[in-house]
Amino acid sequence: MSEASAKPLDHVRASIVEARALIFDVDGTLAETEEAHREAFNAAFAEAGLDWRWDRALYKELLRVTGGKERIRAYDVSRNSASPQLSDPEIAELHQAKTKLYADLITNGGCSLRPGVQAVLAAARKRGQPLAIATTTSRGNIDALLTVALGKDWTQWFAAIVAGDEVRNKKPAPDVYLKVLSELNLPGSQCLAIEDSGNGLASASAAGIPVLISRSAYFSDDDFSGAAFTIDDFTLISDEPANNSRA
C-alpha cells in the first residue's frame, strides 16, 4: 500500500479507536444480508399465493423504503394505488412469515459477517470500547444473524441495541440513533456510526454522529459526501496498529 493511501486509513483506524462508542447498522454493514432478505420476501410471497417477485433491480429501488412492512406496503400501493391488495394485518402476517424464512436461511448458513467485521468488533471489546446497534431491521432478524456469527450470547457484545420497531420513525429519521445515544449516555459527537447507505448516513448525521461508510453491494452508488470516511472493505482497517493494542 502506498504512503498516500495508507495515511487516510491510519486516520480511519485512529478515529475508530478514539471514539467513545462504535454504533453499527446491521443489514449491509455487519453483513451483506440483502440477498437473503430478498430471497425470503420472494419465498413468503409464493407461500401466500401472491404473483409478486422482486428481482435485484426492483429490490434495490425498494430498499429506499426503510422497514420490511413498509417496503411491502409501498410495493402494493405502487401496483394499484386506488385499491391496494393487502390490508395492514395481512402485511404484518406476510412480514412475519418472511422473517421466519429469513431466519431459516441465516441459520442454514445463508449469510456471514462481512470480511473484517468480526476483527473490528473483537478489537473494540479488547479495548473496553462500548459497541451498539442502530438498525431499521427487527430484533428477530438481528438475533438470527448474530447468533450464528457471534454465538448465542451475542447480546453481551453490545451495550445498546435499538431496532426499527422500537422507535416512532425509521431511518433516515434519527430516532434509532438518538435512542442509542440515550442508552449509552454519550454525546453523538464523541461516537462513530458505521453505515452502508445514504439513509443510514442521513439518520446518524441528523443525530450529530460522525459516520464511517463501508460501501455494500446494494448501496455502493449512494451519495456519501457527508460521511467522515468512506471505505470499501473492513479488512483494510480491521488490523489494529500495534501501538494501539491493549491487554
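Since the model is a prediction, treat every value here as computed from it, not as a measurement. (Residues numbered from 1 in each chain as written. Predicted model: local features only at pLDDT ≥ 70, side-chain atom pairs only at ≥ 80, totals over all residues. Heavy atoms only, no water.)

### Observations regarding the overall build of the protein chain
For step 1, the next point in the chain: Within the protein chain, the regular secondary structure consists of nine helices and six strands.
For step 2, the next point in the chain: Over its C-alpha trace the protein chain gives a radius of gyration of 18 Å, about what one expects of a compact globule, namely 18 Å for 247 residues.
For step 3, the next point in the chain: The proportion of buried residues among the 247 residues of the protein chain is 50%.
For step 4, the next point in the chain: Across the protein chain, contacts joining residues at least 24 apart in sequence account for 65% of those joining residues at least 6 apart.
For step 5, the next point in the chain: Distance from the positive charge centre (26 side chains) to the negative charge centre (34 side chains) of the protein chain: 4 Å. (Helix = DSSP H or I, 4+ residues; strand = E, 2+ residues; numbered from the N terminus. Rg over C-alpha atoms; globule rule 2.2 N^0.38 Å. Buried < 20%, exposed > 50% of the residue type's maximum accessible area, 1.4 Å probe, protein only. Contact = heavy atoms within 4.5 Å. Lys, Arg positive; Asp, Glu negative; His and termini not counted. Charge placed at Lys NZ, Arg CZ, Asp CG, Glu CD.)

### Observations concerning the confidence of the model for the protein chain
For step 1, the next point in the chain: With 94% of its residues at a pLDDT of at least 70, the protein chain reaches an overall mean of 92.
For step 2, the next point in the chain: Segment residues 1–5: pLDDT under 50, and three contacts once partners within four positions in sequence are set aside and those in other chains are kept. (pLDDT = per-residue confidence, 0-100.)

### Describing the pattern of salt bridges
For step 1, the next point in the chain: Per the stated rule, a full pass over the model turns up 17 salt bridges.
For step 2, the next point in the chain: The closest approach of N and O atoms between Lys 69 and Asp 165, which form a salt bridge, is 3.5 Å. One end of the pair, Lys 69, is in helix H4 (residues 68–79); the other, Asp 165, is in the loop between strand E3 (160–162) and helix H8 (175–184), and 96 residues separate them in sequence.
For step 3, the next point in the chain: Its relative accessible area of 22% is what places Lys 69 among the partly exposed residues.
For step 4, the next point in the chain: Ionic pairing is found between Lys 170 and Glu 70, a salt bridge with its closest N-O pair at 3.1 Å. Separated by 100 residues along the polypeptide, Lys 170 in the loop between E3 and H8 and Glu 70 in helix H4 bring together distant segments of the chain. (Salt bridge = Lys/Arg side-chain N within 4 Å of Asp/Glu carboxyl O.)

### Here we look at the sheet that holds strand E2 (residues 131–134)
For step 1, the next point in the chain: If you trace the six strands from one edge of the open sheet to the other, you get E3-E2-E1-E4-E5-E6, paired in parallel fashion. Among the strands making up the open sheet, the edge pair consists of E3 and strand E6 (229–231). Neighbour-to-neighbour, the strand axes of this sheet turn through a mean angle of 20 degrees, independent of strand direction.
For step 2, the next point in the chain: Pairing between strand E1 (residues 22–24) and E2: three bridges, direction parallel. Looking at the pairing, Leu 22 lines up with Leu 131 of E2. (Pairing = 2+ DSSP bridges. Axes fitted to C-alpha atoms, helices over the stretch in contact; angles between N-to-C directions.)

### Quick notes on the packing of aromatic side chains
For step 1, the next point in the chain: Here the structure, examined in full by the defined rule, presents ten aromatic pairs.
For step 2, the next point in the chain: An angle of 80 degrees between the planes, with centres 5.0 Å apart, marks the rings of Trp 52 and Tyr 75 as edge-to-face. Taken together, the residues Trp 52 in the loop between helix H2 (34–47) and helix H3 (56–62) and Tyr 75 in helix H4 connect sequence positions 23 residues apart. Across this residue pair, the class does not change: Trp 52 and Tyr 75 are buried.
For step 3, the next point in the chain: When the ring centre of Phe 41 is taken as reference, the NZ or CZ atom of Lys 98 above it lies at 4.6 Å. (Phe/Tyr/Trp six-rings, centres within 6.5 Å; stacked < 30°, edge-to-face > 60°. Lys NZ or Arg CZ within 6 Å of the ring centre and 35° of its normal.)

### Observations regarding H2
For step 1, the next point in the chain: Across its 14 residues, H2 extends 20 Å between first and last C-alpha, which sits within 8% of the 20 Å expected from 1.5 Å per residue.
For step 2, the next point in the chain: All of the buried residues in H2 are Glu 34, Ala 36, His 37, Arg 38, Ala 40, Phe 41, Asn 42, Ala 44 and Phe 45.
For step 3, the next point in the chain: Just downstream of H2 lies Gly 49, where phi reads positive at about 80 degrees. (Expected span 1.5 Å × (residues − 1).)

### Quick look at the nonpolar core
For step 1, the next point in the chain: The biggest cluster of nonpolar side chains holds 55 residues, and the ones touching the most others in it are Leu 146 and Phe 158.
For step 2, the next point in the chain: Not counting residues up to four positions away in its chain, the partners in contact with Leu 146 are Leu 30, Leu 113, Ile 133, Gly 151, Trp 154 and Phe 158.
For step 3, the next point in the chain: Membership of the second largest hydrophobic core comes to 23 residues, among which are Ala 160, Leu 184, Ile 209 and Ile 213. (Core = buried A, V, L, I, M, F, W, Y, C linked by side-chain atoms within 4.5 Å.)

### Details of the packing of helix H5 (residues 88–107) against helix H7 (residues 139–150)
For step 1, the next point in the chain: Remark: H5 packs on H7, axes separated minimally by 9 Å, with the N-to-C direction vectors making an angle of 5 degrees. Comparing their axes, H7 and H5 come out roughly parallel. Only Asn 141, Ala 144, Leu 145 and Val 148 of H7 make contact with H5, whose side of the interface consists of Lys 98, Thr 99, Tyr 102, Ala 103, Ile 106 and Thr 107.
For step 2, the next point in the chain: Classifying every residue of the contact of H5 with H7 gives six nonpolar, three polar and one charged. (Parallel < 35°, antiparallel > 145°, perpendicular 65-115°, else oblique. Nonpolar A, V, L, I, M, F, W, Y, C, P; charged D, E, K, R; others polar.)

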